[in-house]
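These are the residues of each chain, in order.
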Amino acid sequence: MATLTALSNLAKASIANSGAAELSVLVSIDDIQLDTHFKDLFPVNEVMVSRISGSMQKKGYDKSQPLHVWKERMLLVDGHHRRLAAIKAGLREVPVFYHHFNSMEEALEYAILLQTDRRNLSDAEIYKTLQTLDSLKSRGRTTDDNEPRQQGKSAEITAQKIGISRSKVEKVRTIQNKATPEIQAAVASGAMSIHAGYTDTMKQLHKRSDKKDGVVKKVTAPQWISTADQKPEENTPVLFIAPSASEQNGGYIYEGTYHHDLGQFEVLHTFLTGSYWLPLSALPDKPEHRGDETHV
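In this text, all values refer to a predicted model and were calculated from it rather than measured experimentally. (Residues numbered from 1 in each chain as written. Predicted model: local features only at pLDDT ≥ 70, side-chain atom pairs only at ≥ 80, totals over all residues. Heavy atoms only, no water.)

Considering the side chain of R166
Tracing the backbone through its elements, the reader meets R166 in helix α8 (residues 166–178). Polar side-chain contacts of R166 include one of 3.0 Å to the side chain of H259. (Helix = DSSP H or I, 4+ residues; strand = E, 2+ residues; numbered from the N terminus. Polar contact = N/O pair within 3.5 Å; in protein donor to acceptor, adjacent residues only side chain to side chain.)

Take a look at the structure:
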């Protein structure tokens, strides 16, 4: 029989230093350290803590659910609910799996992977997770963030790690970089979805672009740009017209991003050929122009 380790799943093993881990051991709760990067990554559910604590008081700690600890730093990476429940139940020792990580980012990616394997993250949790990962990456960033291809690649990699679409990653980053503090707080608290926060952010950006020296500019009807004449900037959200299979139907208007290497637009991982396009910044502030799909 193969030796049982904390990382029997190959996807998880690829993250944590070639799967470096040790069999679980009993450790004093007082020896386990906390770090805000992990502690605040996912909000604590007090109802869940009470439920787990009640189970521990009746049956003891379920050793099949150990805490995951970064050994060199004695930092708790995963298992904050179980730790709090054990303290509430009056336990002095808990089973721990020790892991060896090369960096804080690597340890965080492992913690995120464990959570996404168990359940789907809420929009608020996705927002917080991306905020934490991006803040760590920005400390040692040397590449030019103005390069669209680099931004697209970064969003794709991050999306794969969290298990969401690249477009959702890009919407979160738009909110983090361009939204008002009110919208950012609403998304972070879960009071507003990522899609709603992104939509409201784009509306406000359009309003700002329509103002100059305190005078509101007259809004004129935007002109569609032929894809044959000019290509959109890569990975920048635009509206485009995709021809319909029926000539009577004409076509449909979608919101998506353009890929120069493919010569196509992407909408929710579907690639379409577009004849004409518009930058979102050229639109008047009318919500009906930015629906998921509009017939023309």
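Digging into the layout of surface pockets
With a probe scaled to a water molecule rolled over the atoms, the places where space remains empty come into view. Size it by volume and the second largest pocket reaches roughly 640 Å³. Considering the residues around the second largest pocket, the lining is formed by 28 residues, among which M48, I52, H81, R82 and R118 are closest to the centre. Elements that contribute at least two residues to the lining of the second largest pocket include exactly α2 (36–39), α3 (46–59), β3 (75–78), α4 (80–88) and α5 (104–118). Here the lining of the second largest pocket takes six residues from α3, the largest share from any one element. Residue composition of the lining of the second largest pocket, grouped by class: 11 nonpolar, eight polar and nine charged. (1 Å grid on protein atoms, 1.4 Å probe; cavity = no way out; pocket = protein on both sides within 12 Å on 5 of 7 lines; lining within 4 Å. Points joined across faces, edges and corners; volume = space filled by probe spheres on them. Nonpolar A, V, L, I, M, F, W, Y, C, P; charged D, E, K, R; others polar.)

What about the sheet that holds strand β2 (residues 67–70)?
Taken together, four strands build an open sheet; the order of strands is β1-β4-β2-β3 and the sheet is mixed. Because the sheet does not close on itself, it has two edges, and the strands there are β1 (25–28) and β3. Mean inter-strand twist for the sheet, computed between neighbouring axes without regard to direction, equals 55 degrees. Against the sheet, α5 makes contact with β2, β3 and β4 (93–99), and its axis sits at roughly 35 degrees relative to β3, the strand it touches most. (Pairing = 2+ DSSP bridges. Axes fitted to C-alpha atoms, helices over the stretch in contact; angles between N-to-C directions. Contact = heavy atoms within 4.5 Å.)

A short note on the pairing of β4
The buried count for β4 comes to six of seven residues, which makes it a mostly enclosed element. Sheet topology note: the β1/β4 ladder contains four bridges and is antiparallel. Across the sheet, residue V25 finds its bridge partner in β4, namely V96. In this structure, β2 lies alongside β4, joined through four bridges in parallel fashion. Pairing of V69 across the sheet is with Y98, part of β4. (Buried < 20%, exposed > 50% of the residue type's maximum accessible area, 1.4 Å probe, protein only.)

By themselves, these observations are geometric and do not establish any function.
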